[in-house]
Amino acid sequence: MTKPIKTNWDAIIAGGGLIGLAVGYGLGRRGLSVLVLDEGDTALRAARGNFGLVWVQGKGAYYEPYADWTMRSSQLWPQLADELQAFGGPALGLAQTGGLTICLSDDEMQQRHAKLEHLRAHQNGRFHFEMLDRTAVKDLVPGIGPHVVGAAYCPHDGHVNPLFLMRALITGIESQGGQFCGNAPMTDVEKIGADMQVSTAVGKFTCSRLVLAAGLANAKLAPMIGLSQSLRPQKGQVIVTEKLDQQLTLPTLLLRQTAEGGLMIGDSHEDDTTDIGVSADIISGIADRALATLPALADVGVVRSWAALRVMSQDGYPIYDQSETMPGAFALSCHSGVTLSAAHAFDLAGYIADSRLGAELAGFSEGRFHVQTNSQTA
Amino acid sequence: MFRPIAKQPDQPIKIQFESQTIEASSDDTVAAALLRAGILQFRYATAQDPRGPFCMMGTCFDCLVEIDGKPNRQACQTIVRNGMLVRRQRAPIAETPGERSKP
Amino acid sequence: MTIKQYQVAVIGAGPAGLRAAITAAKAGLTTLLIDDQPAIGGQVYRNLAQNKDAAAAYLGSGYFAGTKLLATFSQFDGVYWPQTTVWQITNDHQIAITRSGRAALVDADHIVIATGAIERSMPVSGWTLPGVMTVGGAQTLLKQTAVGAEHAVFVGNGPLLYLTAAQYIRAGLPVRAVLDTTGPKAWRAAAAHAALALFQPAMLAKGLSWLSTIRRHTRYVTGVTAVQISGDDAATALSYETAGGQSETIDTAHVFLHHGVIPNINLTMATGLDHVWDRVNHCWRPVVDQTGQSSNPAIYIAGDGGGIAGAAMAALSGAIAADAIIRRVKPAAAKPLATRLGQRFLLWQRGAARPFLDRLYHPDAAFRLPLSDDTIVCRCESVTKADIAAALGDAVAGPNQLKAFCRAGMGRCQGRSCGLIVQEMIANDRQQTMADTGYYRVRPPVKPVTLAELASLDGPWPG
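The text that follows walks through the structure, step by step, so that each part is easy to find. All figures in this text were calculated on a predicted structure; none of them were measured in a lab.

On a plain count of helices and strands, chain C comes out with 18 helices and 23 strands. Computed over the C-alpha atoms, the radius of gyration of chain C is 22 Å, within 12% of the 23 Å expected from 2.2 N^0.38 for a compact globule of 463 residues. Taken across its 463 residues, chain C has 63% of its residues classed as buried. Expressed as a percentage of contacts within chain C between residues at least 6 apart in sequence, the contacts between residues at least 24 apart total 67%.

What follows is the structure in structure tokens.
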């Protein structure tokens, strides 16, 4: 078990997933010493189950703050990639040259169109998309199957290697003098003056900034800092094929080709999370849709699969809250950890360093779920 | 070089490996037929990384060849068929050392 | 989705699976035997039916001892599916298979997993070069095709290595050298169990005769501490060192490696069964009771897949597992207590030499781990020792984090080749035990399935 090398840190991050690491990296950039506390190797880890999309289209279509935040992060991503790549390590493979949502029916086309139109309307000309008919899709993806009716193309979309992103963020944190400590999840926190003392199995550590970014475990940790985060798990399953010659030049929502050549295919949205394993019938359905999209993949072998639990708030949008009882403490959660990494590393980390969440993030307080109740009783 | 140590059963099957015609018996695996014919390199993981059969029991996945147009077939798990066309495994997209995601 | 119902499904047609299937069917249970090969026999009795010819006498009496068992299979009146791949066992213990290009789910009340063992990897420098194979692989070629290599060098230790080298020699194939990696410490550790081993005199005698054949017909070098294989497009030479200070380079195009077999745990792990780290044998094995019942009461493990014990034990454990199932399903047809006790005794007796052999041939750390930086550890993804070393650090608490950071374990073989190596590299780096370090999370499909096969299960679009 690694022991933290010192007791006092500027910032402690509870949770070594994408939110915690991005914020940790961002705090380190601003000169804070950062300790990341993480669970063991086989913990739930939504961060290791990501698809890898840096995705803009559709997000926040019905919730402006999320659309704004997503677009902001997408624009900051190249800077994050450059900075992280400079530490060495495997290529992140960031590509932001557009993405497609393939539609297999007229209904899907119409629904997609309506949603993206709604998004465009409130984004004041910042958000671009185009509905492509079958012929146009065929130009971009020559092998599309007969069931493909069209697609929604968005030039802002892209993808990245989410696992190498994790590794790079950790390298960044460590290069800044920070430390990552596994098998040492946070168990308690106590206020000591303006600071906080965090308890773990390997000892107690103090900090002036505490970031709870422990995924589903935030539901249990948030009350320790006087906050609440009602989170529910949502299961997603993904399959990966063997490496192939280039099949796709752009990522699609459900099918993307990694830099190594494997095709990642997803994904499911299951509310029944009693079993976190991979299920034959679900991945069969995933394979079905993949073949409807690219029939030439019929004889391609599936070599891996996984299931992960998305961290879902009540409305699916992020939750960022600052504690009122411990003003240096924050609780953060979202399920788009990859796309939002840049915003988390630059903007959110900046707010946390200043100990003040910006006005643009007001729409992400857990309090938004209590507004309705208040008005009902009014 | 692998060589037969006993009289081999009839070898009525003919398969093609790249430009070579190879004789095999009806219950040979592709791997056995190729090894007997003196072929050791079944694929190249990268240009400098040649591979051939290692475990002969389907667990190492190093004997991958393209069979009748289908990629990534385990040669040691596939029985020969008359007229079968076997080719060395084609490389996937990120092939040259500069492109590979190398730590 | 095609679902057929059986009372017992047996996975694997080696000695354990055959005995289990034959026993269950004979007791009147509806039985399905699934195997991925075109003929029964598993690894150890591969091609036995075809090798009856005296010309194959070099294969030895141990091999031909399987003749009787295979012959009883002709009376099997269950269902036998050869060339069928099992890629998952679901939570409801349905077996996902592919057969003739289609996938299906098979419903079985009880399952016997008899998928046997695989070779333990020996990541010596140059081990990925064409011309380098496992000893098991060389033996398979011999059994399957009567094909062998001349002037090969055998490296490692353990009964399979000595047997195969002896078979090669008896078949008239000149062997360039047998390099034995058994360390001096191994004899001391094994000595305490030597007396027990005397309960299996026939087995010991066989082993001694193999060694004698080797000593008489080739160079036998003991105390080998390091090996490097070199070559460009294929192996061309092998260099070695010994504890006694000897070193030499041997010209050879064929190197056969072996330092033990380990349970093939990919299916059992993907099924979520409990496993335990076996310190003596330096491997993972499923947790089973004395009938082979796993942590899932409907699933039994028989044969080497539950712990390495060899062919004779495998057949017996198959019978015992089947009998335990019969006792649950149809008690009237189960064996009487006297027979069960007799089987227990036989199990003990046939395993008497194991504590001695396991310790004597315990794989040495020098051969369990890569020595040079450029040695490939994960064969599938071509990840080297240096790549892994660069990824190790505070953030890598175990193999799954390492997998994420450098792709080791992400290939088709799902860790069969690199899993234990990676685990030990992490354990050493963090100074923790192998048990605490854990293993890759293995998930289905445990063997690749094509998208078309997967889609043919006709699952609903998950949405």
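Another aspect to go through is the overall build of chain B. Counting its regular elements, chain B contains 1 helix and 8 strands. In chain B, the order of α-helices and β-strands from amino to carboxyl end is β-β-β-α-β-β-β-β-β. Looking at chain B as a whole, 55% of its 103 residues are labelled buried. Taking the contacts inside chain B whose residues are at least 6 apart along the sequence as the reference set, 40% of them involve residues at least 24 apart. Summed over all atoms, the accessible surface of chain B reaches about 4,300 Å², with 51% contributed by carbon and sulfur.

The next thing to look at is the interface of chain A and chain C. In this assembly, 54 residues from chain A lie in contact with 43 residues from chain C. Regarding the contact of chain A and chain C, the summed buried area is about 3,900 Å², with carbon and sulfur atoms giving 55% of it. Looking only at chain A, the three residues that lose the most surface to chain C are A:Asp41, A:Arg167 and A:Arg304, adding up to 15% of its buried area. Linking chain A with chain C are 3 salt bridges, by the criterion used here. A salt bridge links C:Arg407 to A:Glu260, with the shortest nitrogen-to-oxygen separation between them at 3.5 Å. Our count for the contact surface shared by chain A and chain C stands at 16 residue pairs in polar contact (both at pLDDT 80 or more). Where the side of chain A that touches chain C is concerned, the elements lending two or more residues are helix H5 (162-175), strand S8 (179-181), strand S13 (232-243), helix H7 (280-293) and strand S16 (301-312) of chain A. Considering each element in turn, the side of chain A that touches chain C owes the most residues, 11 residues, to H7(A). Broken down by class, the residue content of the side of chain A that touches chain C amounts to 25 nonpolar, 14 polar and 15 charged. Summarising the sheet, S16(A) and strand S23 (residues 449-450) of chain C pair through 2 bridges and their orientation is antiparallel. What sits directly across from A:Val302, in S23(C), is C:Val449.

This brings us to the pairing of strand S18 (residues 275-278) of chain C. If a strand is regular, its side chains alternate between the two faces of the sheet. Residue and element names in this part refer to chain C. Bridge analysis of S18 against strand S19 (residues 283-286) gives 4 bridges, and the strand direction is antiparallel. In the strand pairing of S19, tryptophan 277 is matched with tryptophan 284. Between the antiparallel neighbours S18 and S19 lie 4 residues, among them histidine 282 with a positive phi of about 50°.

Moving on, we get to the sheet that holds strand S4 (residues 99-103) of chain A. All names here are of chain A. The strand order across the open sheet formed by 3 strands is S4-S6-S5, and the pairing between neighbours is antiparallel. Edge positions in the sheet fall to S4 and strand S5 (130-133), since each has one partner strand and no second. Adjacent strand axes in the sheet meet at a mean angle of 25°, parallel and antiparallel pairs treated alike. The pairing of S4 with strand S6 (residues 150-154) spans 5 bridges and is antiparallel. Note on S6: the bridge partner recorded for threonine 101 is alanine 152. Of the strands in this sheet, S4, S5 and S6 touch helix H3 (residues 106-121), which is tilted by about 140° from S4.

This part covers the packing of helix H1 (residues 15-26) of chain C against helix H10 (residues 311-329) of chain C. Residues and elements named next belong to chain C. Running from N to C, H1 and H10 cross one another at 30°; their axes reach a closest spacing of 7 Å. Crossing geometry of H1 relative to H10 is assigned as right-handed. For the pair H1 and H10, contact is made by Pro15, Ala16, Arg19, Ala20, Thr23 and Ala24 and by Ala311, Ala314, Ala315, Ser317, Gly318, Ala319, Ala322 and Ile326, respectively. Broken down by class, the residue content of the contact of H1 with H10 amounts to 10 nonpolar, 3 polar and 1 charged.

In a regular helix each residue adds 1.5 Å, so 17 residues correspond to 24 Å; helix H8 (residues 201-217) of chain C covers 24 Å between its end C-alpha atoms and thus fits that length. Contact partners of the buried residues in H8(C): helix H5 (159-170), strand S11 (175-180) and strand S12 (219-221) of chain C.

What follows covers the sheet that holds strand S10 (residues 195-200) of chain A. Two modes of strand pairing occur in sheets, parallel and antiparallel, and in both the strands are linked by backbone hydrogen bonds. All names here are of chain A. Taking strand neighbours across the sheet as the criterion, the 3 strands line up as S9-S10-S11 in an open arrangement whose pairing is antiparallel. The two strands at the open ends of the sheet, each matched to only one other strand, are strand S9 (188-192) and strand S11 (203-207). Ignoring which end each strand starts from, the neighbouring axes of this sheet average 25° apart. Bridge analysis of S10 against S11 gives 5 bridges, and the strand direction is antiparallel. Across the sheet, valine 198 pairs through a bridge with phenylalanine 205, a residue of S11.

Here we come to the state of the cysteines. All told, the structure shown has 0 disulfides over all chains when counted by the stated rule. Just so you know, A:Cys181 is unpaired, no disulfide at all, and the nearest cysteine sulfur is the one on A:Cys207, 14 Å from it. Of the residues examined, A:Cys181 reaches a relative accessible area of 0% and is grouped as buried. In this model B:Cys55 remains outside any disulfide bridge; the closest cysteine sulfur is found in B:Cys60, 3.7 Å from its own. Judged by relative accessible area, which is 4%, B:Cys55 ranks as buried.

What follows covers the pairing of S13(A). All names here are of chain A. The buried fraction of S13 amounts to 9 of the 12 residues, a majority that puts the element mostly inside the structure. As judged from the 10 bridges shared by S13 and S16, these two strands associate in the antiparallel manner. In the sheet register, valine 240 faces S16, and the bridge partner there is arginine 304. Inspection of the sheet shows S13 paired to strand S15 (residues 262-265) by 3 bridges, in the antiparallel sense. For valine 240, the partnering residue across the bridge sits in S15 and is methionine 264.

All names here are of chain A. Where helix H1 (residues 18-29) contacts helix H8 (residues 341-354), the two axes come as close as 7 Å, and the packing angle between them is 55°. Put simply, H1 runs oblique to H8. Crossing hand, H1 versus H8: right-handed. For the pair formed by H1 and H8, the contact residues are Ile19, Ala22, Val23, Tyr25, Gly26, Leu27 and Arg29 on the first element and Ser341, His344, Ala345, Phe346, Leu348, Ala349, Ile352 and Ala353 on the second. Counted by class, the contact of H1 with H8 contains 11 nonpolar, 3 polar and 1 charged residues.

For the structure shown, the criterion picks out 30 salt bridges over all chains. Notably, a salt bridge pairs B:Glu23 with B:Lys14, separated by 3.5 Å at the nearest N-O pair. Ionic pairing is found between B:Arg87 and B:Glu66, a salt bridge with its closest N-O pair at 3.5 Å. With B:Arg87 in strand S8 (residues 85-88) and B:Glu66 in strand S6 (residues 64-67), this residue pair connects regions lying 21 residues apart in the sequence. Among the charged side chains, a network of salt bridges with common partners joins B:Arg43, B:Asp49, B:Arg51, B:Asp62 and C:Arg379.

Now for helix H15 (residues 399-406) of chain C. When you tally the buried positions in H15(C), you get 8 out of 8 residues, the bulk of the element. Residues of H15(C) that are buried include every one of C:Pro399, C:Asn400, C:Gln401, C:Leu402, C:Lys403, C:Ala404, C:Phe405 and C:Cys406, and no others. In this structure, the buried residues of H15(C) make contact with H5 and S8 of chain A together with strand S22 (383-384), helix H14 (385-391), helix H16 (419-430) and helix H17 (434-437) of chain C. Backbone geometry just after H15(C) places C:Arg407 at a positive phi near 75°.

Here the focus is the packing of aromatic side chains. Describing an aromatic ring pair means giving the distance of the ring centres and the angle of the ring planes. Applying the stated rule across the entire model yields 19 aromatic pairs over all chains. Through a chain of ring-to-ring contacts, the aromatic side chains of A:Tyr63, A:Tyr66, A:Trp69, A:Tyr317, A:Tyr320 and A:Phe364 assemble into a single cluster. The lysine or arginine in question, C:Arg379, covers the ring of B:Phe54, its NZ or CZ lying 3.7 Å from the ring centre.

What counts and how
- Residues numbered from 1 in each chain as written.
- Chains lettered and ligands numbered in written order.
- Predicted model: local features only at pLDDT ≥ 70, side-chain atom pairs only at ≥ 80, totals over all residues.
- Heavy atoms only, no water.
- Helix = DSSP H or I, 4+ residues; strand = E, 2+ residues; numbered from the N terminus.
- Rg over C-alpha atoms; globule rule 2.2 N^0.38 Å.
- Buried < 20%, exposed > 50% of the residue type's maximum accessible area, 1.4 Å probe, protein only.
- Contact = heavy atoms within 4.5 Å.
- Areas by Shrake-Rupley, 256 points an atom, 1.4 Å probe, with all protein chains shown as cover.
- Buried area = accessible area lost by both parts, 1.4 Å probe.
- Salt bridge = Lys/Arg side-chain N within 4 Å of Asp/Glu carboxyl O.
- Polar contact = N/O pair within 3.5 Å; in protein donor to acceptor, adjacent residues only side chain to side chain.
- Nonpolar A, V, L, I, M, F, W, Y, C, P; charged D, E, K, R; others polar.
- Pairing = 2+ DSSP bridges.
- Axes fitted to C-alpha atoms, helices over the stretch in contact; angles between N-to-C directions.
- Left-handed = near helix turned anticlockwise from the far one by under 90°.
- Expected span 1.5 Å × (residues − 1).
- Disulfide = S-S within 2.5 Å.
- Parallel < 35°, antiparallel > 145°, perpendicular 65-115°, else oblique.
- Phe/Tyr/Trp six-rings, centres within 6.5 Å; stacked < 30°, edge-to-face > 60°.
- Lys NZ or Arg CZ within 6 Å of the ring centre and 35° of its normal.

None of the figures reported here should be taken as evidence of function without further support.
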